[in-house]
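Coordinate inspection notes
Now for the letters of each chain:
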Amino acid sequence: METPESRRYNSQADYIKEKYGVRLQKLVVDAGFTCPNRDGSKARGGCTFCDNNAFHPNYSTPDKSITQQLDEGIEFHRGRYSRAGGYLAYFQPYSNTYAPLEILKQRYEEALRHPEVKGLVIGTRPDCVDEAKLDYLQHLAQDHIIMVEYGIESCYDATLEHINRRHSYAEAQQAVGQTVARGLHTGAHFILGLPGETRKMMLDAADKINALPLSSVKFHQLQIIKGTKMEEEYALHPERFEKFALAEYIDFFIDILERLRPDLVIERFAGEVPPRFVNSTPWGLVRNTELLRMLEKRLCERETFQGRLYNAKN
Ligand code: SF4
């Protein structure tokens, strides 16, 4: 049964359970794609924060077939999450629509042939979709769960330029619009704490996010990955970065949550990269379940909820 706490915001877990009747576990798949920010078509070296290795579970490496990754992922999760009623193949690393359509079809359809896979979550950049690819995803969505997840990261062009995203916010708006127009579940990822962004800018971004016709959003606190350009920038200019202690971040995220549309599904509000990849772990080792528990507790203490300030502002 739902607890009062869980109704204080739209959690992804509740949304999936309500919509599909079961708990669906995501399995990361590395389909061997790259991204235009790494292969030289837009830039080399990538976004200044990026090291995809930091986000890879061990079972998902591109030397294995997609089927093998899914089998190993199911085995990995089975012991931990026996309640999963099915799986979603999560094409996460790099840009998973950045290939000719025929290649995308092979990769996606291999995943969908797996008997325990109910659908796909496709992570990509806003500048890596076109009408033909989106039409194909719309076609797939007739028989499968299809979710598209755009890395937008910031609503500010100055930030996007600074972190070398090599796409604009307008391109993100356009991609989201084209995807939603096809009835596809459309999500987006944002990072809180990018260099040059003040707390006010991050709070104000809630209005911009509300204006995107998204179904779901995912936030991460900025974590500085070892060996990235951002690590160099942080060493030279730490003053450019807003830093949050854990309790402070939770309160700040609640400030954002109060401003977000009440119907937006909150897929994540923070996350931890394995400690070996990051240049510091200011929060210590805190698991996602603990973060969620802290968020819910603080929402209760503040007697607030998602969208509390939304109507007042719109
Ligand atoms: S974050 Fe995504 S778009 Fe940026 S370099 Fe990494 S894979 Fe490419």
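Each remark here, short or long, concerns the structure printed above.
The numbering scheme is per chain: residues are counted from 1 as the chain's sequence reads. Local features in this predicted model are restricted to residues of pLDDT 70 or higher, and side-chain atom pairs are both shown and tallied only at a pLDDT of 80 or more, whereas totals for entire chains, interfaces and linings draw on every residue. Water and hydrogen atoms were dropped before computing side-chain values, which therefore reflect all heavy atoms in the structure.

What follows concerns the environment of His-144. The secondary structure listing takes helices from DSSP runs of H or I that are at least 4 residues long and strands from runs of E that are at least 2 residues long, numbered from the N terminus. Among the structural elements, His-144 can be located in the loop between α4 (131-140) and β4 (145-153). Exposure is judged per residue with a 1.4 Å probe applied to protein chains only, and the accessible area is read against the type maximum: over 50% gives exposed, under 20% gives buried, and values in between give partly exposed. With a relative accessible area of 28%, His-144 lands in the partly exposed category. His-144 sits 93 residues away from His-237 along the chain, and the two C-alpha atoms are 47 Å apart. Residues are treated as being in contact if the distance between any of their heavy atoms lies within 4.5 Å. Discounting residues that sit within four places of it in the chain, His-144 has contacts with Leu-112, Lys-118 and Gly-119.

As a further point, take the site of the ligand. Neighbouring residues are identified by heavy atoms, a residue being near a molecule or strand if any of them is within 4 Å of it. The environment of the ligand is formed by Cys-35, Arg-38, Gly-46, Cys-47, Phe-49, Cys-50, Asn-52, Tyr-94, Arg-125 and Arg-165. Within the shell around the ligand, the residues separate by chemical class into five nonpolar, two polar and three charged. By the convention adopted, Pro, Cys, Tyr, Trp, Phe, Met, Ile, Leu, Val and Ala count as nonpolar, Lys, Arg, Asp and Glu as charged, and the other residues, Gly among them, as polar.

Further remarks concern the packing of helix α2 (residues 66-80) against helix α3 (residues 101-113). Orientation of α2 relative to α3, taken along the N-to-C sense of each, is 35°, at an axis distance of 9 Å. At the point where α2 passes α3, the crossing takes the right-handed sense. Residues Ile-66, Thr-67 and Leu-70 of α2 lie in contact with α3, whose contacting residues are Arg-107, Glu-110 and Ala-111. Along the lines of polarity and charge, the residues of the contact of α2 with α3 split into three nonpolar, one polar and two charged. Axis lines are fitted through C-alpha atoms, for helices just across the contact stretch, and the angle between N-to-C directions can take any value from 0 to 180 degrees. A clockwise turn of the near helix away from the far one marks a right-handed crossing, whereas an anticlockwise turn of less than a right angle marks a left-handed crossing.

With that out of the way, let us pick up helix α10 (residues 288-302). For α10, built from 15 residues, the straight-helix expectation of 21 Å at 1.5 Å per residue is met to within 8% by its first-to-last C-alpha distance of 21 Å. For α10, the full list of buried residues reads Leu-291, Leu-295 and Leu-299. Seen along its axis, α10 keeps its buried residues to an arc of 70°; they face one direction. Its buried side turned inward, α10 meets α9 (246-259). Taken from the residues just after α10, Glu-303 is the one with a positive phi, measuring 50°. Each residue after the first adds 1.5 Å to the expected span of a helix. Throughout, the arc means that of the directions going from the helix axis to the C-beta atoms.

The strand order across the open sheet formed by seven strands is β1-β2-β3-β4-β5-β6-β7, and the pairing between neighbours is parallel. In this open sheet, the two strands that pair with only one neighbour each are β1 (23-29) and β7 (265-268). The sheet shows a mean angle of 25° between the axes of neighbouring strands, direction not considered. If DSSP finds at least two bridges between two strands, the strands pair. As defined by bridge partners, β1 adjoins strand β2 (residues 84-91) across seven bridges and the pair is classed as parallel. Considered in β2, the bridge of Val-28 is made with Tyr-90.

Turning our attention to the nonpolar core. With 77 residues, the main nonpolar core has Phe-91, Leu-120, Leu-137 and Phe-190 as its most contacted residues. Per-element tally for this core: the top contributor is α9, with eight residues. Setting aside residues up to four positions removed in sequence, Phe-91 forms contacts with Val-29, Ala-31, Phe-33, Ile-66, Asn-96, Arg-107, Tyr-108, Ala-111, Leu-120, Val-121, Ile-122 and Gly-123. For this analysis, a nonpolar core means a set of buried residues of the types Ala, Val, Leu, Ile, Met, Phe, Trp, Tyr and Cys, connected via side-chain atoms within 4.5 Å. Residues Cys-47, Leu-194, Leu-222 and Met-230 belong to the second largest nonpolar core, which totals 10 residues.

When a carboxyl oxygen of Asp or Glu is within 4 Å of a side-chain nitrogen of Lys or Arg, the pair counts as a salt bridge. Inspection of the entire model under this criterion finds 25 salt bridges. Linking Glu-290 and Arg-293 is a salt bridge whose minimum nitrogen-to-oxygen distance equals 2.9 Å. Of this pair, Glu-290 and Arg-293 both sit in helix α10, separated by three residues, roughly a single helical turn. Assessed through its relative accessible area of 31%, Glu-290 is described here as partly exposed.

Within the secondary structure layout, His-220 lies in strand β6 (residues 216-221). Judged by its relative accessible area of 19%, His-220 falls in the buried class. A polar contact is formed between the side chain of His-220 and the side chain of His-189, at a distance of 2.7 Å. Apart from the residues lying within four places of it in its own chain, the contact partners of His-220 are His-189, Phe-190, Ile-191, Leu-192, Tyr-249, Arg-268, Phe-269, Ala-270 and Gly-271. Residues adjacent in sequence count toward polar contacts only when both atoms are side-chain atoms; beyond that, a polar contact is any pair of N or O atoms within 3.5 Å, and within protein one must be able to donate a hydrogen and the other to accept it.

Two aromatic rings from Phe, Tyr or Trp, using only the six-membered ring of Trp, form a pair when their centres are within 6.5 Å; if the ring planes differ by under 30 degrees the pair is stacked, by over 60 it is edge-to-face, and anything between is tilted. Inspection of the entire model under this criterion finds 11 aromatic pairs. Their ring planes at 50° and their centres at 5.2 Å tell us that Tyr-249 and Trp-283 sit as a pair that is tilted. Taken together, the residues Tyr-249 in helix α9 and Trp-283 in the loop between β7 and α10 connect sequence positions 34 residues apart. Classification of Tyr-249 as buried rests on a relative accessible area of 0%.

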